[in-house]
Amino acid sequence: MIGAELRKARTEQGVGVRELARRLGTDHSKLSRCESGYTVPTPEHVASVLTALGVPEAERDRVVQLARGTERTNWLAPGVPGAHHELTTLIEFERSASEIVEVSNSVFPGLLQTSDYARAVMADVSGAELETLLTLRVGRRDVLESRHGPQFTALVLEQALRTPIGGRLVLADQLRHVLKLSERSNVTIQVIPTALDVWHAAHMGGYILFEFPKGAPIVHLEHYSSAVFLHEGSDTDAYRSATATLRSLAMNPDESAEFIARVAEETESRE
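Residues numbered from 1 in each chain as written. Predicted model: local features only at pLDDT ≥ 70, side-chain atom pairs only at ≥ 80, totals over all residues. Heavy atoms only, no water.

In this section: the side chain of E102. The topology assignment puts E102 in strand β2 (residues 99-104). Buried within the structure, E102 lacks any salt-bridge partner; its nearest side chain of opposite charge belongs to R140, at an N-O separation of 5.8 Å. Apart from residues no more than four positions distant in its own chain, E102 is found in contact with P109, G110, F152, T153, A154, L155, Y207 and I208. (Helix = DSSP H or I, 4+ residues; strand = E, 2+ residues; numbered from the N terminus. Buried < 20%, exposed > 50% of the residue type's maximum accessible area, 1.4 Å probe, protein only. Lys, Arg positive; Asp, Glu negative; His and termini not counted. Salt bridge = Lys/Arg side-chain N within 4 Å of Asp/Glu carboxyl O. Contact = heavy atoms within 4.5 Å.)

Attention now goes to the packing of aromatic side chains. Scanning the model with the defined rule gives six aromatic pairs in all. Ring geometry for F93 versus F212: centroids 5.7 Å apart, planes at 70 degrees, classification edge-to-face. Here F212 lies in the loop between β5 (207-211) and β6 (218-222) and F93 lies in helix α6 (residues 84-96), a separation of 119 residues in the sequence. Look at F212 and you get buried, because its relative accessible area is 16%. Relative to F229, the ring of F93 lies with its centre 5.8 Å away and its plane at 80 degrees, an arrangement referred to as edge-to-face. (Phe/Tyr/Trp six-rings, centres within 6.5 Å; stacked < 30°, edge-to-face > 60°.)

Now for the pairing of strand β4 (residues 187-192). With five of six residues buried, β4 is to be regarded as a mostly interior element. Examined bridge by bridge, strand β3 (residues 151-157) and β4 share six bridges and lie parallel to one another. Across the sheet, the residue bridging to L155 is Q190, located in β4. (Pairing = 2+ DSSP bridges.)

Before going further, it helps to examine the pattern of salt bridges. The final tally for this structure, using the stated rule, is 16 salt bridges. For the salt bridge of R240 with E211, the shortest nitrogen-to-oxygen distance reads 2.7 Å. Taken together, the residues span a long stretch of sequence, with R240 in helix α11 (residues 233-249) and E211 in strand β5 at a distance of 29 residues. The exposure class of R240 is partly exposed, given its relative accessible area of 37%. Taking relative accessible area as the criterion, E211 reaches 15% and is therefore assigned buried. A salt bridge links D237 to R240; the shortest N-O distance between them is 4.0 Å. Here D237 pairs with R240, and both are found in helix α11, just three residues apart, close to one helical turn. One salt-bridge network, in which partners are shared between bridges, spans R7, R10, E35, E92 and R95.

Below, the structure is given as structure tokens:
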């Protein structure tokens, strides 16, 4: 997360890694390791980098405070869901992950949402901020089309397919969009039936499990006014186990595609 913030600040100022290293009197490889997340930067390093880049004091202090919190067991991000610093982190995780599994119990995952569906989900966000968040949401979908993009699996509770957020036509379009995406080799959609007579993790809420090629997994939980990133092994292991159970309970991809197509037809034909 800190690496994503440092890279964002540098690129926004149009400064290359070698030029920044020259300004700081350090080796460019050290800066690259910090930006990639392989090295945890100290608050002092973060402050010196952002000062060299001319980042405003308030923004600099915010990132330095995040760096001071890297030794916490897990990290809590206060603020409105979709706050820009959280989005920066999510975008970086999506870009660098080798596999992403998102469990959703009420709406379709953000990477699968159409613009109209996303607009309806963000209905309580004000005008200018809404357009910014929509642009970011739509842009995030590009990771699924990247040549080196992650394997993405969506484990979606059946009720999400039937909840007409934005209205019947918006939902029908969303369902058709998901069907199209499911044809991609790196996208897997599995529906979890609501008629199951067993309790499972999706009943407790959604989450995103990120797996990285050279790093430990991270779990993202989003609440109404905050978000949590879990990285402790005991926590991520529990979510890995829960994910394996949900995969076994869900319809397989072919069954899920047939089911989604049927619900789309029903939604479109409803008066």
